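# Commentary on secondary and tertiary structure
Each chain, letter by letter, is given below.
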Amino acid sequence: MTNGYIAAIGIEVHCELDTKSKLFCACENSFGKEPNTRCCPVCIGAPGAMPTLNENAVELAVKAGLALNCKINKVSRFVRKNYCYPDLPKAWQITQDDQPLCYGGALEYEHNGEKKSVRINRIQLEEDAGKLVHDGKISKIDYNRCGVPLIEIVTEPDMSSPEEAVAFLTELKSVLRYSGVSKVKMQEGNLRFDVNISVSKSEKRGTRTETKNLNSFKSVLAACSYEINRQIEEMEKGRKIELETRRFDESLGEGFSMREKETAEDYRFFIEPDLLPLIVTDEEVKKIKRSLPVLRAQRVEKYIEGFNLDKSDANRITDSVKLSDLFDETVALGANPKATANIILGEITRLSKVDGVGELEPKITPLQLYGALSLVSSGEISITAMQQKLLPLLWGNESVAPKAVAKEKGLIQISNPDEIEKIVLTVIKENASVFDEYTSGNERVFPYLVGLVMKASKGKANPQLVNEILKKQLDGRS
Amino acid sequence: MDITKLTLIEIRNKIASGCFSASEVVKATLENIEKNKDLNALITIDYDGAIESARKADSRLSCGEAPLLNGVPVVVKDNISTKGLPTTCASKILDGYEPFYDATVVKRLKSAGAIIIGKSNMDEFAMGSTSEKSAYGAVKNPFNKNLVAGGSSGGSACAVAAGLVSGALGSDTGGSVRQPSAFCGVVGLKPTYSAVSRYGLIAYASSLDQIGPITKTVKDNALILSVIAGKDEMDATSAQIETDYTSYDRSVKSKTIGIVKQFWEQIKDEKISLAVENAARLLEKKGAKIKEVSLPSFNLSLPSYYAISCAEAASNLARYDGICYGKRIERKDYESEIIATRSTLFGDEVKRRIMFGNYLLGGSGRELFERANCARRLIKGEMDAIFSGCDLILGPTTPTTAFERGKLGALNANSNEDIFTAFVSLAGLPAISVPFGKNANGLPIGIQLVGRAFEEKTLYKASELIEKEMRS
């Protein structure tokens, strides 16, 4: 930090839950649909409509809490956060305040080779607002997003640099994805951030400002850097930092003050009378804990310690939950971890990328992959044939078996040494001059001879065996 | 055909037996409504819908179907959502608003074959006790048109009292079903909080509001309640309960009835005090035990009620800005527009309560709001104590009978109209107002019975005895 200033960064992460329906009504929770087509009296705040809680959203919120090492409040309450804005049809947001669903957790992450940790103050369950679309002089409201379930994850100001903040968020994103809480599609607004920043020369924290509505890691990095520099500049000039809300314009690379930060009273919080207290039993928490999938950090550790993969491969595989799941399940069937890792990082990744955007979707089952790898390890097909010919045929075709396809497409290698020897002997006989070249010491013709054998076998001979048998024959005769 | 004196059950039975058709009933009803336009009981009349519904009711009969309320015309208060039919809450700000859905109680009435013939007039957004504070003009008391009908469900009570319909729905937050029922000489029930779904009721105070039936007789009331009450998956606060209220016997033997001693000094008409005493004596004769009980925090109930209801109302009414529905006053930007719309189109009483409510929820008044909540818990505790030794509480519904229109000054909150009804709402308990005699000016007096949570049947038992006495 410059001039002895220390920065303290805390983040409020808004994460959209991966549920079928909205938090308080049965409308579809989906992105990108025609405006105002996923609405009902409840989520558009029609007079007289009332909220009813989506239990699946509660489950996912608890999952997030457990994945972030939080304690779960057995009894938590919903409150009304009252304010007027066009994207908030009831003129209040149903959220949580004093009694959130989860509290007191922490998440470890790595930055510059060091292990760090950020404390999670709380996780609260709340509904999203609609979307304002500005069209020249008119603003339009789309209520499709209104009522989508969110968790707000509030951290303590434990990060001390913009880079740390991004490293933390990267780990957080992975945890949320791996635990099945959210699809964390940044381009669909699944994750949004408000950053609270203060700087100080001493242990005592300075006055913080809040920069709202950042929606990418890039903007978090830029906004944090900008604000830290701005606050240091102000303090160097002897000016006080005001408690305020700011926004950051990514294209300009500048931050702007929005208003004096509201005090709690402006929201006139009171307990939501239209909902009952949210009760989660010990049994339910236990059940959800059991259903929590293995998270990324643990998988990486297992790949390195248990399967001897190198760190960068382990990280690359776990970049995608689906690829990591495929790896786990294929190895569980008995496949060799290194071979599995290689094919996943190679051809499987390539095929997945060709298909879609965003998250990689492998279109092959673990059983099929295991089958394909087994054919290679048994020598029945060559690795090249598996990569280039067999995999594309299995891709997207769940029901076909690798061996059957290999047979049908004539990919099965000739692995019988006697058969290969026959072909080798024939080739030697028919290419006596080349054979003479080799025996007179020109070893460079060996690959040509191998090529001749492969050609004679129509490419089906097991190349390794061809090499061995040909060498034996040639050396035997020379 | 004069159906104005018939009870709901009589009309239902006569339609079922073929004595007359639903279409004839609707025709007669529409004529009566027209004849009594000056009462100003209704804001919207659904001529076409009612005639069509009557036709359907008649055809159901010819197929041998006879749902519980088949062919019976009723009105519902204009703060209850009716799909495609204007729902204004008697406010200019909802002028022209037609809901996209039916309230659950409306759905249930329709399933039972009832015909929603109109929306009744009321105090704007249910804030008031006279039904004068309406953008559509005041409701007149059928007994004397110079007097108020009571509020805020004045239109519903008036319509039943004048025989325009035999049953109506009102909403009660601090007395808005019971008080107009008393002023108009009809039976009105506020159910236990959570007994009847609030889905579709345009909220005033969410922790107090309940929809209740207004009828000519106790039996009619129990029938409507049986149709509308019960768990609703659209209302998370609704209770899982038994909903057959019609099967009660008419006996109060061995029941203990308490009279709150703090009541007497609040009664302003000696005929009302006499009515309470007479009702007590009557019930005693029928086998009940009468005793005096104390509600020490009785005088905290009105301030607590006003604080809590205004605070919740300030939140509930914040959404009305004319942008998506209702009337909109256009200005150059969002903030100016909502200020113009709300300042112009809300009535004074509504604005007063919203401001008071926001003051209570915001910084400076918050402590008062918390104290009001404490008072509420105190009252509930004292009520629970009373009900550990009593099955019913008996008292007057109102401190006076109906009074002249225009009498109640600007600050409605100063009036004591809700003194006998508000404390019941704070405790979430059920209560019924049943007519019992008249005062010196011939105006109806209402007696109120309060019961334990979900014991509406006990209320019906006792009030039917009072009703029977009135008839003889």
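Criteria and cut-off values
- Residues numbered from 1 in each chain as written.
- Chains lettered and ligands numbered in written order.
- Predicted model: local features only at pLDDT ≥ 70, side-chain atom pairs only at ≥ 80, totals over all residues.
- Heavy atoms only, no water.
- Salt bridge = Lys/Arg side-chain N within 4 Å of Asp/Glu carboxyl O.
- Helix = DSSP H or I, 4+ residues; strand = E, 2+ residues; numbered from the N terminus.
- Buried < 20%, exposed > 50% of the residue type's maximum accessible area, 1.4 Å probe, protein only.
- Pairing = 2+ DSSP bridges.
- Axes fitted to C-alpha atoms, helices over the stretch in contact; angles between N-to-C directions.
- Contact = heavy atoms within 4.5 Å.
- Polar contact = N/O pair within 3.5 Å; in protein donor to acceptor, adjacent residues only side chain to side chain.
- Nonpolar A, V, L, I, M, F, W, Y, C, P; charged D, E, K, R; others polar.
- Parallel < 35°, antiparallel > 145°, perpendicular 65-115°, else oblique.

Glancing now at the pattern of salt bridges. All names here are of chain A. One pass over the structure, following the stated rule, counts 53 salt bridges over all chains. For glutamate 272, the salt bridge goes to arginine 80, with nearest N and O atoms at 3.1 Å. Here glutamate 272 is found in the loop between β15 (270–271) and β16 (278–279), whereas its partner arginine 80 is found in strand β4 (residues 79–82), with 192 residues between them in sequence. Across the pair, arginine 80 and glutamate 272 agree in class, each one buried. Arginine 145 is the salt-bridge partner of aspartate 128, the closest N and O atoms lying 3.6 Å from each other. Of the two residues, aspartate 128 is situated in the loop between β7 (114–127) and β8 (131–135) and arginine 145 in the loop between β9 (138–142) and β10 (149–155); the sequence distance between them amounts to 17 residues. Assessed through its relative accessible area of 5%, aspartate 128 is described here as buried. Linked through salt bridges whose partners overlap, the residues forming this network are Glu16, Asp128, Arg145 and Arg192.

Here we take up the sheet that holds strand β12 (residues 431–438) of chain B. Residue and element names in this part refer to chain B. Ordered in space as β1-β3-β2-β6-β8-β7-β12-β13-β11-β9-β10, the 11 strands form an open sheet in which the pairing is mixed. Both edges of this open sheet fall to β1 (42–45) and β10 (289–293), since each of them pairs with a single strand only. When strand polarity is set aside, the average angle formed by the axes of neighbouring strands in this sheet is 30°. Where strand β2 (residues 73–77) meets strand β3 (residues 115–120), 5 bridges bridge the pair, whose relative direction is parallel.

On to unusual backbone geometry, then. Omega for the peptide link from glycine 151 of chain B to serine 152 of chain B comes to 10°, which places this bond in the cis form. Considering the arrangement of structural elements, one finds serine 152 of chain B in the loop between β5 (144–148) and α5 (154–161). Unusually for a residue other than glycine, asparagine 69 of chain A sits at a positive phi of about 60°. Take asparagine 69 of chain A: it is sitting in the loop between α1 (55–67) and β2 (71–72). Relative accessible area serves as the criterion here: at 53%, asparagine 69 of chain A is assigned to the exposed category. Not every positive phi belongs to a glycine, and arginine 268 of chain A is a case in point at roughly 45°.

A few words on the interface of chain B and chain A. Facing the 34 residues of chain B at the interface are 30 residues of chain A. Our count for the contact surface shared by chain B and chain A stands at 1 salt bridge. Scanning the region where chain B abuts chain A turns up 13 residue pairs in polar contact (both at pLDDT 80 or more). Mapped by element, the contributors of at least two residues to the side of chain B that touches chain A are α9 (301–316), α10 (334–345), α11 (348–361) and α12 (366–387) of chain B. A total of 3 residues in the side of chain B that touches chain A trace back to one element, the largest contributor, which is α9 of chain B. Considered class by class, the residues forming the side of chain B that touches chain A number 18 nonpolar, 10 polar and 6 charged.

A few words on the packing of α9 of chain B against α11 of chain B. Residues and elements named next belong to chain B. Where α9 meets α11, the axes come as close as 7 Å, and the angle between the chain directions of the two elements is 95°. Put simply, α9 runs roughly perpendicular to α11. Judged by residue contacts, Tyr306, Ala307, Cys310, Ala311 and Ala314 of α9 engage Arg353, Ile354, Phe356, Gly357, Asn358, Leu360 and Leu361 from α11. Each residue belonging to the contact of α9 with α11 can be placed in one class, and the counts come to 9 nonpolar, 2 polar and 1 charged.

Let us look at the sheet that holds strand β5 (residues 92–95) of chain A. What holds strands together in a sheet is hydrogen bonding between their backbones, with the strands either parallel or antiparallel. Pairing in this open sheet of 3 strands is antiparallel, and the strands run β5-β4-β15 (chain A) from one edge to the other. Since the sheet does not close on itself, it has two edges, and those belong to β5 and β15 of chain A, each with one partner. Relative to β15 of chain A, β4 of chain A runs antiparallel, the two being bridged by 2 bridges. For valine 79 of chain A, the partnering residue across the bridge sits in β15 of chain A and is isoleucine 271 of chain A. Against the sheet, α9 of chain B touches β4, β5 and β15 of chain A, its axis set at about 60° to β4 of chain A.

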